[in-house]
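# Structural overview
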Amino acid sequence: MRLSLSSAITAAISLAALSSAQTLTGQYTCSAGGQYTLCQNLWGELSGVGNQTSTLISQSGNAVSWSTTWNWANNPNNVKSYANVISNTAKGVQLQNIASAPTTWNWVYETQSAGIRADVSYDIWFGKAPSGSPATTASSYEIMIWLSGLGGIQPVGSAIKTNITVAGHQWDLWSGPNANWQVFSFKTASGDITNFDVDLQEFFSYLTTNEGVAGSQYVQAIQTGTEPFTGNAVLLTESYSVAINSK
Ligand SMILES: *[C@@H]1O[C@H](CO)[C@@H](O)[C@H](O)[C@H]1NC(C)=O
Ligand SMILES: *[C@@H]1O[C@H](CO)[C@@H](O)[C@H](O)[C@H]1NC(C)=O
């Protein structure tokens, strides 16, 4: 991984600017800087009634802490938003050139209403070009890893494998098309995983070995966040990190 002088300066400025927490309230607002950008993407808000705010609590080096508070009603099968952090550094490497992709995610629902429908998930984007924004014509694959899926919600497509073991955890693997890309979703088969500490490379090699994903595909983006459908909750990410180490 290369760190240019300009991005080192940007990191220093953003850390200085983050001495107090920043709360996002708008539909597509982001808090940029350093190794992560927090975005409150309320892309589905018109299918519901409610509100959401997201706060970047701290960011230092490869670690970030943030929270999101959401209240959503109506259309229980529609996602209302994807508040997430995106890594500004873990991207642009071909799957065949990844040595490891260590990640940790410690999270907790500080409050939750009865019967919430929401996932807590990674959203990882592969494409043929080194770079590309998530969910665009540049996207070939969307890889979700659901550490939680409450209230009977389901990933895109249908379950193609059940109770497979990847990176020491059990998953149901779902797949199906979405727009111009293919979705693979690893949905926890053993309840909430609130202290996640794995090498994402194990998911990537599962897909290249078993599901026909080409090793020449690039990781274009790694996002982590939550997709609420209905209910209200405060989701706290105490600590999150991700990196890609090239061969
Ligand atoms: C957010 O929505 C909840 C539930 O509808 C409501 O009780 C609360 O007042 C709303 N908050 C704001 C700031 O609009
Ligand atoms: C899922 O796999 C794990 C690990 O192999 C096993 O212990 C567990 O019994 C399996 N669960 C079901 C429902 O098959």
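Thresholds applied
Residues numbered from 1 in each chain as written. Chains lettered and ligands numbered in written order. Predicted model: local features only at pLDDT ≥ 70, side-chain atom pairs only at ≥ 80, totals over all residues. Heavy atoms only, no water. Phe/Tyr/Trp six-rings, centres within 6.5 Å; stacked < 30°, edge-to-face > 60°. Helix = DSSP H or I, 4+ residues; strand = E, 2+ residues; numbered from the N terminus. Buried < 20%, exposed > 50% of the residue type's maximum accessible area, 1.4 Å probe, protein only. 1 Å grid on protein atoms, 1.4 Å probe; cavity = no way out; pocket = protein on both sides within 12 Å on 5 of 7 lines; lining within 4 Å. Points joined across faces, edges and corners; volume = space filled by probe spheres on them. Nonpolar A, V, L, I, M, F, W, Y, C, P; charged D, E, K, R; others polar. pLDDT = per-residue confidence, 0-100. Contact = heavy atoms within 4.5 Å. Salt bridge = Lys/Arg side-chain N within 4 Å of Asp/Glu carboxyl O. Core = buried A, V, L, I, M, F, W, Y, C linked by side-chain atoms within 4.5 Å. Lys, Arg positive; Asp, Glu negative; His and termini not counted.

### Points about the packing of aromatic side chains
The tally for this structure, following the rule as stated, stands at 15 aromatic pairs. Ring geometry for phenylalanine 186 versus tyrosine 206: centroids 6.0 Å apart, planes at 80°, classification edge-to-face. Of this pair, phenylalanine 186 sits in strand β14 (residues 181–188) while tyrosine 206 sits in helix α2 (residues 201–210), placing them 20 residues apart in sequence. Just as phenylalanine 186 is buried, tyrosine 206 falls in that class too.

### Re the layout of surface pockets
A volume near 560 Å³ is recorded for the second largest pocket. Lining the second largest pocket are 28 residues, and of these Trp43, Asp123, Trp125, Glu142 and Glu227 lie nearest its centre. Looking at the lining of the second largest pocket, the elements that each hand over two or more residues are β2 (28–31), β3 (36–41), β6 (82–87), β10 (117–127), β11 (141–150), β14 and β16 (218–242). Grouping the amino acids of the lining of the second largest pocket by side-chain chemistry returns 17 nonpolar, 8 polar and 3 charged.

### What to know about the confidence of the model for the protein chain
In this model, the protein chain carries an average pLDDT of 92, and 92% of its residues clear a pLDDT of 70 or more. Taken together, the stretch residues 1–19 has pLDDT below 50 and engages in 13 contacts with residues farther than four places along the chain or on a different chain.

### Structural notes on unusual backbone geometry
One non-glycine residue, alanine 135, adopts positive backbone phi at about 55°. Looking at alanine 135, the relative accessible area reads 42%, which means it is partly exposed. Although it is not a glycine, alanine 167 sits at a positive phi angle of roughly 55°. Examined against the element boundaries, alanine 167 turns out to sit in the loop between β12 (158–166) and β13 (169–178). The buried category is assigned to alanine 167, whose relative accessible area is 17%.

### As for the environment of alanine 233
Summarising the element assignment, alanine 233 is placed in strand β16. Sequence separation of alanine 233 and tryptophan 70 is 163 residues, and the distance between their C-alpha atoms is 5.5 Å.

### Considering the pattern of salt bridges
Summed over the entire model, instances satisfying the criterion amount to 1 salt bridge. In this structure, lysine 161 engages glutamate 211 in a salt bridge whose closest nitrogen and oxygen atoms are separated by 2.6 Å. You can see lysine 161 sitting in strand β12 and its partner glutamate 211 sitting in the loop between α2 and β16, a full 50 residues away along the chain.

### Section: the nonpolar core
Judged by nonpolar contacts, the single largest core of 52 residues is most densely connected at Phe186, Leu200 and Phe203. The element contributing the most residues to this core is β16, with 6 residues. Apart from the residues lying within four places of it in its own chain, the contact partners of phenylalanine 203 are Ile145, Val166, Ala167, Trp171, Phe186, Phe196 and Val198.

### Some remarks on the side chain of aspartate 123
Residue placement: aspartate 123 occurs in strand β10. Buried aspartate 123, no salt bridge; nearest opposite-charge side chain is lysine 91, N-O distance 15 Å. Filtering out sequence-adjacent residues up to four positions away, aspartate 123 remains in contact with Tyr82, Glu142, Ile143, Met144, Ala221, Ile222 and Gln223.

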